[in-house]
Amino acid sequence: MTKEAQKVKETTLENTKLNVVPLDWNEVYYTNCPLVSASNVDEGLGLTKKEYKKIGVKFAYMRSTPLTDWYPHYIHNQENLIRFGGLFPPVEVHADIRRTCLLGVTQMPAEGGVMMVRAKDDIYRMADLKGKKIGISKSMNKIKNDWWRIQEHQGIELMLRMNGMTMDDIELVEFPYADDWYNLPEMMKATMELSIDLWLKRDHKRDLAFRPLETALETGIIDAMYMQTKPLQQVSEATGKFASIEDLSRYPDWRLQVANIPAAITCTDVMAKEHPELAVTFMKGMIRAGRWANENKHAAAEILDQQTFYRDIEHTYQGIRDVDLVPNLSPLNLAAVEVGKNFMLSHGYIKNDFDVNEWAAPEFLEQAARELLEEEWKKQTTSKLPQTAGTLESGGRIG
């Protein structure tokens, strides 16, 4: 541990009390990250809540109750929780903490990351960074996944590699921080009906908490920093103080786009085994919200702009224009998950390996799609036949 890290408070399970609402299988809670997903679009639609109402189950945001702190979002220590968010935390959960099921993913095909420098500096190529300082953050919270650092580490290494360089060519400067706000009384006191409520209370597009190394770059402590392509990049560049000299999204290689994505939907193995209908119902909501978003990209962008880091609605639209918002488990996206998992394993961010294809549970997505199709079939045929048609599989022989 560096001297700087030793000065920062370390949060562990030994010095922290975790808080979770009592388990009730008539309730399902969700949590999501401020990124592009059908779940975040659905916060403006309420389609998933309607699906749960059909089966008599309450559906609510994880922090709608003061009994639950923020840790379930990262360590999935709540059985009746479904998470839709960045890839790296659920990978660590499944590898090292507890078993979960991967219900679906959404990939952003061009957000691999950029290398940012000060606009006033005479630095225009990665080669100009030889011997220079690149920052990397380090969370001192040992309970949760350090996804910021993993993303920075992976992006820096890839950009160096794509330019014939290695970590030996630069000086990596570590910035430890406490990262200990997840169960503070003031954070526990405020409850939120939707996850979007958190972002409506703060100017998150200009909040430097989401760009932790920017001050160090601006003041000259470091010469460059990693940042996500598009969302955060646009906000930083809009100040006129920073410029990107490398952008992984411009390469045709999809393996370079795993910057804490694909966004993953996970539920606990207990929910999957004992209450599979709850996972299926969530996926029905995600399919419906994703289809709506695909058909109404501008409207979806307006919803997403309230909780993501794109500069404004138009930039959000440009970011999601070619993105399929309906979650899937395609071979290509599972291969992208494998890339992220393998980086975490090879760099010591997880201790245990696992098979991504075994983690994936396509049966829930398949059943959700099947039920939606059956519902639509019955709706369409009821008005055209003397009685409601049977299931799609029940058609008898004609002639």
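The preceding data block contains the structure.
Every value quoted in this text rests on a predicted model; they were computed, and no experiment measured them.

## Comments concerning the overall build of the protein
A tally of helices and strands in the protein yields 17 helices and ten strands. Counting only residues that meet the buried cut, the protein has 56% of its 399 residues in that class. Partitioning the intrachain contacts of the protein with sequence separation of at least 6 by distance along the chain shows that 79% fall at a separation of at least 24. Approximately 18,000 Å² of the protein is accessible, and the part contributed by carbon and sulfur atoms is 51%. Computed over 48 positive and 58 negative side-chain charges, the separation of the two mean positions in the protein equals 2 Å.

## Considerations on the packing of aromatic side chains
One pair of aromatic rings is described through two measures. These are the centre distance and the angle between the planes. Per the counting criterion, the structure on display carries eleven aromatic pairs. Here the aromatic rings of Y30 and F59 are separated by 5.0 Å at their centres, their planes lie at 20°, and the arrangement is stacked. In this pair, Y30 sits in strand 1 (residues 27-32) while F59 sits in strand 2 (residues 58-61), placing the two residues 29 residues apart along the sequence. Among the residues examined, Y30 registers a relative accessible area of 6% and is labelled buried. Of the residues examined, F59 reaches a relative accessible area of 9% and is grouped as buried. Here the aromatic residues Y30, Y52, F59, Y61 and F282 are joined through ring pairs into a cluster of three or more. In this structure, K144 packs its charged tip against the face of Y74, placed 5.0 Å from the ring centre.

## Some words on helix 3 (residues 47-54)
Three or four residues apart is the spacing at which side chains of an α-helix point the same way, because the helix has 3.6 residues per turn. Of the residues making up helix 3, those classed as buried are L47, T48, E51 and Y52. All buried residues of helix 3 lie within an arc of 140° about the axis, which places them on one face of the element. In the core, the buried residues of helix 3 are packed alongside strand 1, helix 2 (38-42), strand 2, strand 3 (81-85), helix 12 (276-295) and helix 17 (362-382). At the exit of helix 3 stands G56, carrying a positive phi of roughly 75°.

## Structural notes on unusual backbone geometry
The step from I261 to P262 runs through a cis peptide bond, and the omega angle for that step is 10°. Of note, P262 is situated in the loop between strand 9 (242-247) and strand 10 (263-268). In the Ramachandran plot, D179 falls in the positive-phi region, its phi being about 55° despite a non-glycine side chain. The class of D179 is buried, set by a relative accessible area of 8%.

## Some remarks on a nonpolar patch on the surface
A cluster of nonpolar residues, L373, W377 and L392, forms a patch on the protein surface that exposes about 280 Å² of accessible area. Looking at where L392 falls in the secondary structure, it is placed in the segment after helix 17.

## Observations regarding the sheet that holds strand 4 (residues 100-106)
The strand order 2-1-3-10-4 describes an open sheet built from five strands, whose pairing is mixed. Edge strands, defined here as strands with exactly one partner in the open sheet, are strand 2 and strand 4. Direction aside, neighbouring strands of the sheet carry axes that sit 20° apart on average. Judged from the four bridges that link them, strand 1 and strand 2 form a sheet pairing that is parallel.

## Here's the deal with the environment of E171
As for its placement among the helices and strands, E171 is situated in strand 7 (residues 171-177). When the C-alpha atoms of E171 and E214 are compared, they prove to be 17 Å apart, with 43 residues separating the residues in sequence. In this structure, E171 is in contact with K132, K133 and I134, ignoring residues within four places of it in sequence.

## Here's the deal with the packing of helix 3 against helix 12
Where helix 3 meets helix 12, the axes come as close as 8 Å, and the angle between the chain directions of the two elements is 145°. The crossing of helix 3 and helix 12 is right-handed. Here L47, T48, E51, Y52 and K54 of helix 3 come into contact with helix 12, specifically with L278, T281, F282, K284, G285, M286, R288 and A289. Its residues assigned to classes, the contact of helix 3 with helix 12 comprises six nonpolar, three polar and four charged.

## Things to note about the packing of helix 12 against helix 13 (residues 297-304)
Interhelical geometry of helix 12 versus helix 13 gives an angle of 115° and a closest axis separation of 5 Å. With respect to helix 13, the element helix 12 is oriented roughly perpendicular. Residues W292, A293, N294 and E295 of helix 12 pack against K297, A299, A300 and I303 of helix 13. In terms of residue class, the contact of helix 12 with helix 13 is built from five nonpolar, one polar and two charged.

## Concerning the pattern of salt bridges
Summed over the entire model, instances satisfying the criterion amount to 22 salt bridges. The salt bridge partner of D128 is R125, with a shortest N-O separation of 3.3 Å. By relative accessible area, R125 is classed as exposed at 52%. Salt-bridge contacts for D322 lead to R321; the nearest nitrogen and oxygen are separated by 3.9 Å. Owing to a relative accessible area of 40%, R321 belongs among the partly exposed residues under this scheme. A single salt-bridge network, built from bridges that share partners, covers E51, K54, K284, R288, E371 and E375.

Definitions and cut-offs
- Residues numbered from 1 in each chain as written.
- Predicted model: local features only at pLDDT ≥ 70, side-chain atom pairs only at ≥ 80, totals over all residues.
- Heavy atoms only, no water.
- Helix = DSSP H or I, 4+ residues; strand = E, 2+ residues; numbered from the N terminus.
- Buried < 20%, exposed > 50% of the residue type's maximum accessible area, 1.4 Å probe, protein only.
- Contact = heavy atoms within 4.5 Å.
- Areas by Shrake-Rupley, 256 points an atom, 1.4 Å probe, with all protein chains shown as cover.
- Lys, Arg positive; Asp, Glu negative; His and termini not counted.
- Charge placed at Lys NZ, Arg CZ, Asp CG, Glu CD.
- Phe/Tyr/Trp six-rings, centres within 6.5 Å; stacked < 30°, edge-to-face > 60°.
- Lys NZ or Arg CZ within 6 Å of the ring centre and 35° of its normal.
- Arc of directions from axis to C-beta.
- Patch = residues over 30% accessible without salt bridge, like charges linked within 9 Å, V, L, I, M, F, W, Y side chains within 5 Å.
- Salt bridge = Lys/Arg side-chain N within 4 Å of Asp/Glu carboxyl O.
- Pairing = 2+ DSSP bridges.
- Axes fitted to C-alpha atoms, helices over the stretch in contact; angles between N-to-C directions.
- Left-handed = near helix turned anticlockwise from the far one by under 90°.
- Nonpolar A, V, L, I, M, F, W, Y, C, P; charged D, E, K, R; others polar.
- Parallel < 35°, antiparallel > 145°, perpendicular 65-115°, else oblique.

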